Amino acid sequence: MLTLLAGLGFGLSLIVAIGAQNAFVLRQGVRREHVGLVVAVCAASDVVLYLAGTAGLGALVVSHPAVVEVARWAGAAVVLGYGALAARRAWRGDEAGLAAASDGAVADAGRRARPVLLTALALTWLNPHVYLDTIVLQGSLAASHGDGRWLFTAGAIVSSVLWFVGLGYGARLLAPVLARPGAWRVVDGVVAAIMLVVAVSLVLPALTA
């Protein structure tokens, strides 16, 4: 049980920090647009990565730094692109989207599912930190628990699922606040700032090396 709780605590320590992925999940949750799809992609991705780390793929990632570098620059480009869209929404205003989502009247939901899916995948899999945190770091800590490594990993997986479900579906509680004029501009402005910081943090190590 202690091993399971250790994995749970470790998983939460990694995932709770606000980053590009969490900001995207939060925004989709507030807008009530394809929340289940986004939550499923993010949680399932963590499950795959945690299991891969525990299975010993961390050494493979470390021995192939080119993979991390490709993810670094591709991820920075995706994050900057999404940040630019958020900045444009903040500049122009986008309160209408919340009203439509709250009324359950998103007419083109099927058509819009694909870009939402691709964005969720990109913000997850093109982030080099996700490989270092889940596969390398989590894999190493899980291995230190010996026979209990899979129990430790189970705890980390539970924390990930709980976090994304809570963030995605709990975000709708903010809807009354964000129904106020100008509130969405603040949200998108914060999202744009987060994306910029994340993008800089991704490329800075490569530029200063």
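Please refer to the structure higher up on the page.
For clarity, every value in this text was computed on a predicted model and none was experimentally measured. (Residues numbered from 1 in each chain as written. Predicted model: local features only at pLDDT ≥ 70, side-chain atom pairs only at ≥ 80, totals over all residues. Heavy atoms only, no water.)

Asker: I would appreciate a short explanation of the overall build of the protein in the present structure.
Answerer: Scanning the protein from N- to C-terminus turns up eleven helices and zero strands. Counting every position in the protein, which comprises 209 residues, the buried fraction comes to 41%. Taking the contacts inside the protein whose residues are at least 6 apart along the sequence as the reference set, 89% of them involve residues at least 24 apart. (Helix = DSSP H or I, 4+ residues; strand = E, 2+ residues; numbered from the N terminus. Buried < 20%, exposed > 50% of the residue type's maximum accessible area, 1.4 Å probe, protein only. Contact = heavy atoms within 4.5 Å.)

Asker: How should helix 3 (residues 35-54) be read in this particular structure?
Answerer: At 3.6 residues per turn, the α-helix brings residues three or four places apart onto the same side. Here helix 3 contains 20 residues, and its C-alpha end-to-end distance of 29 Å stays within 8% of the 28 Å for a straight helix at 1.5 Å per residue. At the exit of helix 3 stands Gly56, carrying a positive phi of roughly 105°. (Expected span 1.5 Å × (residues − 1).)

Asker: How do you make sense of the packing of aromatic side chains when you look at a structure like this?
Answerer: Two aromatic rings are characterised by how far apart their centres lie and by the angle between their planes. By the definition in use, this model includes one aromatic pair. Here the aromatic rings of Trp125 and Tyr131 are separated by 6.3 Å at their centres, their planes lie at 55°, and the arrangement is tilted. Note on Trp125: relative accessible area 28%, which makes it partly exposed. Assessed through its relative accessible area of 15%, Tyr131 is described here as buried. (Phe/Tyr/Trp six-rings, centres within 6.5 Å; stacked < 30°, edge-to-face > 60°.)

Asker: How should I be thinking about the packing of helix 3 against helix 9 (residues 149-170) in this particular structure?
Answerer: Where helix 3 contacts helix 9, the axes come no closer than 9 Å and their chain directions differ by 165°. Judged on the interaxial angle alone, helix 9 and helix 3 are roughly antiparallel. Viewed along their axes, helix 3 and helix 9 form a crossing whose handedness is right-handed. Every residue of helix 9 that contacts helix 3 at Val35, Gly36, Val39, Cys42, Ala43, Asp46, Val47, Tyr50, Leu51 and Thr54 is listed here: Arg149, Trp150, Thr153, Ala156, Ile157, Ser160, Val161, Phe164, Val165, Gly168 and Tyr169. (Axes fitted to C-alpha atoms, helices over the stretch in contact; angles between N-to-C directions. Parallel < 35°, antiparallel > 145°, perpendicular 65-115°, else oblique. Left-handed = near helix turned anticlockwise from the far one by under 90°.)

Asker: Any chance you could explain a nonpolar patch on the surface here in plain terms?
Answerer: On the surface, Leu80, Leu196, Val200 and Leu204 cluster together to form a nonpolar patch covering roughly 340 Å² of accessible area. Locating Leu80 in the fold gives a position in helix 5 (residues 65-92). (Patch = residues over 30% accessible without salt bridge, like charges linked within 9 Å, V, L, I, M, F, W, Y side chains within 5 Å. Areas by Shrake-Rupley, 256 points an atom, 1.4 Å probe, with all protein chains shown as cover. Salt bridge = Lys/Arg side-chain N within 4 Å of Asp/Glu carboxyl O.)

Asker: Can you walk me through the packing of helix 2 (residues 20-31) against helix 11 (residues 183-208) in this structure?
Answerer: Helix packing for two helices is described by the angle between their axes and how far apart those axes are. One can describe the packing of helix 2 onto helix 11 by two numbers: an axis separation of 9 Å at closest approach and a directional angle of 160°. Here helix 11 runs roughly antiparallel to helix 2, going by the angle between their axes. Of the two possible hands of crossing, helix 2 and helix 11 adopt the one that is left-handed. From helix 2, Ala20, Ala23, Arg27, Val30 and Arg31 reach across to helix 11, where they touch Trp184, Asp188, Val191, Ile194, Met195 and Val198. Residues of the contact of helix 2 with helix 11, tallied by class, amount to eight nonpolar, no polar and three charged. (Nonpolar A, V, L, I, M, F, W, Y, C, P; charged D, E, K, R; others polar.)

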